[in-house]
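The primary structure of each chain is shown beneath.
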Amino acid sequence: MTKQLEFRKPTAKDGSDICDLIEACKPLDENSMYCNLIQCDHFADTCIVAEQDGQIVGWISGHIPPSQDDTLFVWQVAVHPDARGIGLAGRMLADLIERDELDDVKQIQTTITGDNDASWGLFKGFAKRIGADVSDEPHFTRKDHFDGRHATEHMVTIAFREALRKAA
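Scoring rules and cut-offs
Residues numbered from 1 in each chain as written. Predicted model: local features only at pLDDT ≥ 70, side-chain atom pairs only at ≥ 80, totals over all residues. Heavy atoms only, no water. Axes fitted to C-alpha atoms, helices over the stretch in contact; angles between N-to-C directions. Helix = DSSP H or I, 4+ residues; strand = E, 2+ residues; numbered from the N terminus. Parallel < 35°, antiparallel > 145°, perpendicular 65-115°, else oblique. Left-handed = near helix turned anticlockwise from the far one by under 90°. Contact = heavy atoms within 4.5 Å. Nonpolar A, V, L, I, M, F, W, Y, C, P; charged D, E, K, R; others polar. Pairing = 2+ DSSP bridges. Buried < 20%, exposed > 50% of the residue type's maximum accessible area, 1.4 Å probe, protein only. Salt bridge = Lys/Arg side-chain N within 4 Å of Asp/Glu carboxyl O.

(A) Quick peek at the packing of helix α3 (residues 88–97) against helix α4 (residues 117–130). At their nearest, the axes of α3 and α4 sit 10 Å apart, and the two run at 55 degrees to each other. The orientation of α3 relative to α4 falls into the category oblique. In the packing of α3 onto α4, the handedness of the crossing is right-handed. On α4, the residues that touch A89, G90, L93, A94 and I97 of α3 are L122, F123, F126 and R129. Here the residues of the contact of α3 with α4 are counted per class, giving seven nonpolar, one polar and one charged.

This is the structure:
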């Protein structure tokens, strides 16, 4: 029997739990606890947590870039190992874009390294499910941006067809 999941906006009190969740989701890049606290406090409208039996088992952080008010940039997706295999990340993403605060969003963007099969699967599958167009191109490159210390991040764009946006 699947335990009941609750999707909700994060609060500042969730910052340390989210930090712990990300730490449990290797090889995700860890941020400082303060960064997670600020995401929960300042960007609650564009972030989501999945909670099960009082424990945060899923997290998507995102924001609206200042120069792109029609774009939700997804920064990070984390699903606890015990909550994988049930489509939780896709369900959180669908719930997130249904929020009234995101009515003006016409596309989702995120960056993904070429070898991150889970993220490619999530975002391509999500785009297919809602009938959206998806594209990608190198954005932050190993040579130009990471001084050779990190793989190139591809900017992935999911452009909604307006009529299908709320069907997610």
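(B) The arrangement of the sheet that holds strand β6 (residues 133–140) in detail. Spatial ordering of the open sheet is given by β1-β2-β3-β4-β5-β7-β6, a layout of seven strands whose pairing is mixed. Whereas interior strands pair on both sides, the edge strands pair on one side only; in this sheet they are β1 (5–8) and β6. The average angle at which neighbouring strand axes cross in this sheet is 25 degrees, direction not considered. Pairing between strand β3 (residues 55–63) and strand β4 (residues 71–79): six bridges, direction antiparallel. The residue of β4 that forms the bridge with I60 is V77.

(C) A look at the side chain of Q39. As for its placement among the helices and strands, Q39 is situated in helix α2 (residues 33–42). Relative accessible area serves as the criterion here: at 4%, Q39 is assigned to the buried category.

(D) Region of interest: the pattern of salt bridges. Enumeration over the complete set of coordinates arrives at four salt bridges. Taking the shortest distance from any N to any O, the salt bridge between E51 and R8 comes out at 3.2 Å. On the criterion of sequence distance, the pair formed by E51 in strand β2 (residues 48–52) and R8 in strand β1 is long-range, its members being 43 residues apart. Here E51 matches R8 in class, with each residue buried. Its salt-bridge partner being D45, residue K9 comes within 2.8 Å of it at the nearest N-O pair. With K9 in the loop between β1 and α1 (15–23) and D45 in the loop between α2 and β2, this residue pair connects regions lying 36 residues apart in the sequence. Take K9: its relative accessible area is 30%, and that puts it in the partly exposed class. Residue D45 is classed as partly exposed on the basis of its relative accessible area of 35%. Taken together, the salt bridges that share partners define one network made up of R8, D14 and E51.

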